[in-house]
Amino acid sequence: MSIFVLVHGAWHGGWCWQPVAARLQAKGHTVYRPTLTGLGDRAHLRSPEVSLTTHIQDVAALLRFEDLRDVVLVGHSYAGMVITGVAGEVPERLGRLIYYDAFLPDDGDCALDLLPAHIAEHFVASAQTDGGGWLMPRRPLEKLGVRDPRAMAWLAGRLVEHPLATYAEKLRVRPTTRTLPSSYISCTDWAGVFAPHAEKARRLGWPVQEIPADHEALATAPDLLVDALLTAAAPAAGGYPAMTEEAR
């Protein structure tokens with residue numbers, strides 16, 4: 001059985017993994033679903049100082065204090081930045097990384113760099129006009145391909161504004177990070193911004209699974225997502241070499 005640590009994306013919290021966690025636990029796996037500082041049930045801790053480094057420390061501290069080893073670390077969306085940073089901090093505690101419709105950064109990237117320019121500009125502008133200069137307003141779920149009204153109501157009622165600094169901070173990717181076994185899950189049932197990251201994973205030689213779901217598959221297609229996570233986490237999924245200059 002595996003130990004899964006599921007890291008949520010922007011605007012979300014650990015709560016969003018409930019459908020996935022229940023299914024994994026029913027199959028005998030251990031699941032942790034931390035909430036990053038300033039989000040979800042930790043929204044009261046928001047401040048302009050909350051950064052990508054803060055979120056990396058959140059997850060690395062969980063692994064240390066719970067003394068977790070051989071962890072399957074999953075990052076959704078923005079959390080691709082987080083799990084990449086965690087891999088540099090505590091690689092000895094990780095068994096593999098799974099990027100689920102997520103950013104796949106290189107050294108020196110920030111999340112704003114990895115978005116289409118018009119979306120990055122919108123996030124910054126909306127933070128200035130509607131977020132006091134440091135909070136990104138919640139993104140409409142329709143923009144993420146969500147059409148299921150029940151899932152939309154469940155998600156929308158819990159999303160909170162997201163600290164802009166987490167998207168603006170440049171990430172250091174340590175050389176050992178890309179030596180960890182890694183794979184990618186791509187959600188193809190929406191016109192999303194993560195297709196280039198799935199393609200990058202393919203160039204790196206990683207397994208890439210495509211599931212016919214929107215970006216919020218954790219709520220709208222949890223069975224599909226759980227099947228993909230279990231496939232990616234299986235020992236037979238293997239390991240993959242470090243990133244080469246040609247693959248960048």
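Everything numeric in this text was worked out from a predicted model, so none of it was measured.

What counts, and at which threshold
- Residues numbered from 1 in each chain as written.
- Predicted model: local features only at pLDDT ≥ 70, side-chain atom pairs only at ≥ 80, totals over all residues.
- Heavy atoms only, no water.
- Helix = DSSP H or I, 4+ residues; strand = E, 2+ residues; numbered from the N terminus.
- Contact = heavy atoms within 4.5 Å.
- Pairing = 2+ DSSP bridges.
- Buried < 20%, exposed > 50% of the residue type's maximum accessible area, 1.4 Å probe, protein only.
- Expected span 1.5 Å × (residues − 1).
- Arc of directions from axis to C-beta.
- Salt bridge = Lys/Arg side-chain N within 4 Å of Asp/Glu carboxyl O.
- Axes fitted to C-alpha atoms, helices over the stretch in contact; angles between N-to-C directions.
- Parallel < 35°, antiparallel > 145°, perpendicular 65-115°, else oblique.
- Left-handed = near helix turned anticlockwise from the far one by under 90°.
- pLDDT = per-residue confidence, 0-100.

Moving on, we get to the side chain of Thr-177. With respect to the helices and strands, the residue Thr-177 is situated in the loop between helix 7 (165–168) and strand 7 (182–187). When sequence neighbours within four positions are dropped, the list of residues in contact with Thr-177 reads Thr-84, Ala-87 and Gly-88.

Here strand 7 pairs with strand 8 (residues 208–211) via four bridges, running parallel. Pairing of Ser-186 across the sheet is with Glu-210, part of strand 8.

Among the five residues in strand 1 (residues 3–7), four count as buried, and that is most of the element. Strand direction decides the pairing type here: strand 1 and strand 3 (residues 71–76), joined by five bridges, are parallel. When the bridges of strand 3 are listed, Ile-3 appears paired with Val-71.

Here we come to helix 10 (residues 222–233). In this model helix 10 runs 16 Å from its N-terminal to its C-terminal C-alpha over twelve residues, within 8% of the 16 Å that 1.5 Å per residue would give. Within the sequence span of helix 10, burial applies to Pro-222, Leu-225, Val-226, Ala-228, Leu-229, Ala-232 and Ala-233. Projected down its long axis, helix 10 shows its buried positions confined to an angular sector of 165°, all on one face.

This next bit is on unusual backbone geometry. We note that Trp-11 has phi near 75°; this positive angle belongs to a residue other than glycine. Within the secondary structure layout, Trp-11 lies in the loop between strand 1 and helix 1 (18–26). With relative accessibility at 7%, the residue Trp-11 sits in the buried group. Located in the positive-phi region is Asp-70, a residue other than glycine, with phi close to 55°. Judged by its relative accessible area of 59%, Asp-70 is exposed.

This brings us to the pattern of salt bridges. Using the criterion set out here, one finds eleven salt bridges in the structure. With its nearest N and O atoms 2.8 Å apart, the salt bridge here joins Asp-223 to Arg-23. Here Arg-23 lies in helix 1 and Asp-223 lies in helix 10, a separation of 200 residues in the sequence. Arg-23 gets classed as partly exposed once you look at its relative accessible area, which sits at 30%.

Looking now at the packing of helix 2 (residues 52–65) against helix 3 (residues 79–89). Any two packed helices are characterised by how steeply their axes cross, that is the angle between the axes, and by the distance between the axes. Axis separation between helix 2 and helix 3 bottoms out at 9 Å; the angle between their running directions is 55°. Considering the angle they form, helix 2 stands oblique to helix 3. Classified by chirality, the crossing of helix 3 by helix 2 is right-handed. Contacts from Leu-52, His-55, Ile-56, Val-59, Ala-60, Leu-63 and Arg-64 in helix 2 reach Met-81, Val-82, Gly-85, Val-86 and Glu-89 in helix 3.

Confidence in the prediction for the protein chain averages 94 pLDDT; 95% of positions are at 70 or higher. Long-range and interchain partners of residues 239–248, a stretch whose pLDDT sits below 50, account for 22 contacts in this model, where long-range means more than four residues apart.

The next point concerns the sheet that holds strand 1. The parallel open sheet is built from six strands, whose spatial order is 2-1-3-4-7-8. Both edges of this open sheet fall to strand 2 (30–32) and strand 8, since each of them pairs with a single strand only. Taking each pair of neighbouring strands and ignoring which way they run, the sheet shows an average axis angle of 20°. When strand 4 (residues 94–100) meets strand 7, the two strands line up parallel, connected through four bridges. Within strand 7, the residue paired with Tyr-100 across the bridge is Ile-185.

Bringing the environment of Gly-133 into the picture now. Mapping Gly-133 onto the fold places it in the loop between helix 5 (117–130) and strand 5 (135–136). Sequence separation between Gly-133 and Lys-27 is 106 residues; the distance between their C-alpha atoms is 44 Å.

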